[in-house]
Structures are given as structure tokens and as C-alpha cells.
Amino acid sequence: MGTPSAAPAEPGDRERLLAGAHHDPHAVLGAHPVPGGVAFRVLKPCALSVTVVMDGAWAELHDDGEGFFSALLPLREVAAYRLLVAYEESVLETDDPYRFLPALGELDLHLIGEGRHEQLWRVLGAHPITHQGVTGTRFTVWAPNARGVRVCGDFCHWDGRAHPMRSLGSSGVWELFVPGIGSGTLYKFDITRPDGTRTVRADPMARRTEVPPATASVVTESAYLWDDREWMARRADTPVHEAPFSVYEVHLPSWRPGLTYRQLAEQLPAYVKDLGFTHVELMPVAEHP
């Protein structure tokens, strides 16, 4: 495409992005139509060079310093593109996280805002998905008082500078779709507090974590296939309020310590039934640091 001219980010945007305090990084980073063509802006700390690749053509971006790269390309509209990022010991070709629309719907945000979303685990946390035809992971966290949120993990050497998240309106939810990563990825949220100080935290809605004393959250996707349709159908035959209801609450690791889940499945129901209880309430079995 020839030698493109630079299209650097405004100083204020640049400063807030580096400080982890930008509420809308997608408005700065990515590809944007501007007078004279399309401006590409990328934040890749530690990169030696960044090249935009599209339709067999390529253009190396200008190094604006501190991890910022940019170019103004003479294009009529934003076309599909990928990034070729060169580091000291490797070259990675990847999709740009900042070319994607939000991966969370308006209804979910509305229900979260009203405090009556009944399936938060489906919308908050880390979820491997296919978004706009690209596989990756959608990260979302509710942090209404944060000045900025970034996601960091083993996929970026725990450096969150390259992955600032966007604030979705007044919902308090921050979101970022990161292409190319999936189950098994370790991550945390790098949060900038109202006073400008920063803290790195595990995901409160994580579906898996590292084994203590390690504390990172882990991207995970259940592959378990349920086969209990007949039992669920029979259970629905009797109205709950007309059936016996006596609950035995149990903390599994403390009840006959050392048993596996398979062994518990054999011993606990018989024990509870013999005592005359009709239901079992399990104290939290989710992993957490």
C-alpha cells in the first residue's frame, strides 16, 4: 500500500490508555473512517512493529512510541483486516480486539442495571464464544466505580496495557472480546480505582480458578452432557408445595473427608434418606481462592 502517514491518538486519549483509565478504548484503537481515509491505531507494548494485513495487501504502521502504532490508509471504508505483530523473539498474526462490536446485549445490560438479571453467570465472567465469525473469549465484569478496567493474563505476560476494556454505558459493566484465546487461559482484571490507584483482582464470576495458593481465574467451558431429562420430567409431576420438604445441608469436603464425588454420590443419598430427609442442600462447591 506504499508508505502510510501516521494517525496518532490524541494526547489525552493516549495518557488515559496508558494509565488504565479510559472508558472507551474502542473509540481510539482499531480502524476508524476519518477525512482522507481510514485511521488504524494499535496499542501493543513491547512490539517492535505492527503491520495491517488485508486482502493480500499490507501496510506497516508508524511507531508512535510507548507501544502505540498508527497509520492513515487511503481507503474508502473499513475492510476486514488482521494484525501482524513482531516481537523480539516471535511474530504473531491475530485479529484486532478493537474491531469488534460489544458482545453483550442491551437486554442483559438493562436487567443488570435493574438488579434483576437471574442468570448473571451467563453474561459476566469469561466465556469462550464465536463473535462476528471469530473464536475467542468475551470478558465482562461489573465494576461501576472503576475509572478503567483492563484484562491481563498468561496470554499477554500479565501486562494489561494492551487490553483495556470498554464501559458499556451506565450499566457499570466493562467488556472486551479477545480473539484467539479459549479454555485454559489464566486471567485477572486490572482495575483503576476512583482515586487513580490500581489493583489486580480475580474474577468474582469465574467458573474455575487456580488451586490455592495460586489465585488466577481460568477461562473454562463445560463439556459435560446432561442426561437427566426423564428424571426432571418426573420431578415436575408433583407440585413442590404439595410434597414433603426436609433439607439436609452439607459441606462435602467436611462430610466424611477424603471421599471423591463418585463415592459421595453413593454414600450421601443413602445416609440422608435413612435420616428421613427429602432434599440435600450443598454448601458452595465452586472453586475459589
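Residues numbered from 1 in each chain as written. Predicted model: local features only at pLDDT ≥ 70, side-chain atom pairs only at ≥ 80, totals over all residues. Heavy atoms only, no water.

(A) A look at the overall build of the protein. Looking only at helices and strands, the protein has four helices and 18 strands in total. Taking 19 Å as the expected radius of gyration for a compact globule of 289 residues, we find that the protein reaches 24 Å, considerably beyond that expectation. For the C-alpha atoms alone, the extent of the protein along its principal axes is close to 80 × 40 × 40 Å. Expressed as a percentage of the 289 residues in the protein, the buried residues total 41%. By sequence separation, contacts in the protein at least 24 residues apart represent 66% of the contacts at least 6 residues apart. (Helix = DSSP H or I, 4+ residues; strand = E, 2+ residues; numbered from the N terminus. Rg over C-alpha atoms; globule rule 2.2 N^0.38 Å. Buried < 20%, exposed > 50% of the residue type's maximum accessible area, 1.4 Å probe, protein only. Contact = heavy atoms within 4.5 Å.)

(B) Looking closely at helix α2 (residues 106-113). Regarding α2, the residues found buried are Leu 109, Leu 111 and Ile 112. In an axial view of α2, the angular spread of the buried residues amounts to 165°, which keeps them on one side of the axis. Residues of α2 that are exposed and point more than 90 degrees away from the buried face comprise Glu 106, Leu 107 and Gly 113. In the core, the buried residues of α2 are packed alongside β10 (134-142) and β13 (173-179). Backbone geometry just downstream of α2 places Gly 115 in the positive-phi region, at approximately 70°. (Arc of directions from axis to C-beta.)

(C) Molecular detail of the pattern of salt bridges. Evaluated as defined, the whole model comprises ten salt bridges. Taking the shortest distance from any N to any O, the salt bridge between Arg 14 and Glu 66 comes out at 3.1 Å. Linking Arg 14 in helix α1 (residues 11-19) with Glu 66 in the loop between β5 (62-65) and β6 (68-73), this pair joins segments that are 52 residues apart in sequence. Overall, the relative accessible area of 17% leaves Arg 14 in the buried class. Glu 114 is the salt-bridge partner of Arg 116, the closest N and O atoms lying 2.4 Å from each other. Through salt bridges with shared partners, a single network forms among Arg 82, Glu 93, Asp 95 and Arg 99. (Salt bridge = Lys/Arg side-chain N within 4 Å of Asp/Glu carboxyl O.)

(D) Inspection of the sheet that holds β13 at higher detail. One open sheet accounts for four strands, arranged β9-β10-β13-β12; its pairing is antiparallel. Two strands bound the open sheet, and with one partner strand each, they are β9 (125-131) and β12 (166-167). Here seven bridges tie β10 to β13, and the two strands are oriented antiparallel to one another. Bridged to Trp 142 within β13 is Val 173. (Pairing = 2+ DSSP bridges.)

(E) Highlighting the packing of aromatic side chains. One pass over the structure, following the stated rule, counts nine aromatic pairs. Each ring, one from Phe 100 and one from Phe 177, has its centre 4.9 Å from the other, and the planes form 70°; the classification is edge-to-face. Of this pair, Phe 100 sits in the loop between β8 (91-94) and α2 while Phe 177 is found in strand β13, placing the two residues 77 residues apart along the sequence. Residue classification places Phe 100 among the buried positions, given a relative accessible area of 3%. (Phe/Tyr/Trp six-rings, centres within 6.5 Å; stacked < 30°, edge-to-face > 60°.)

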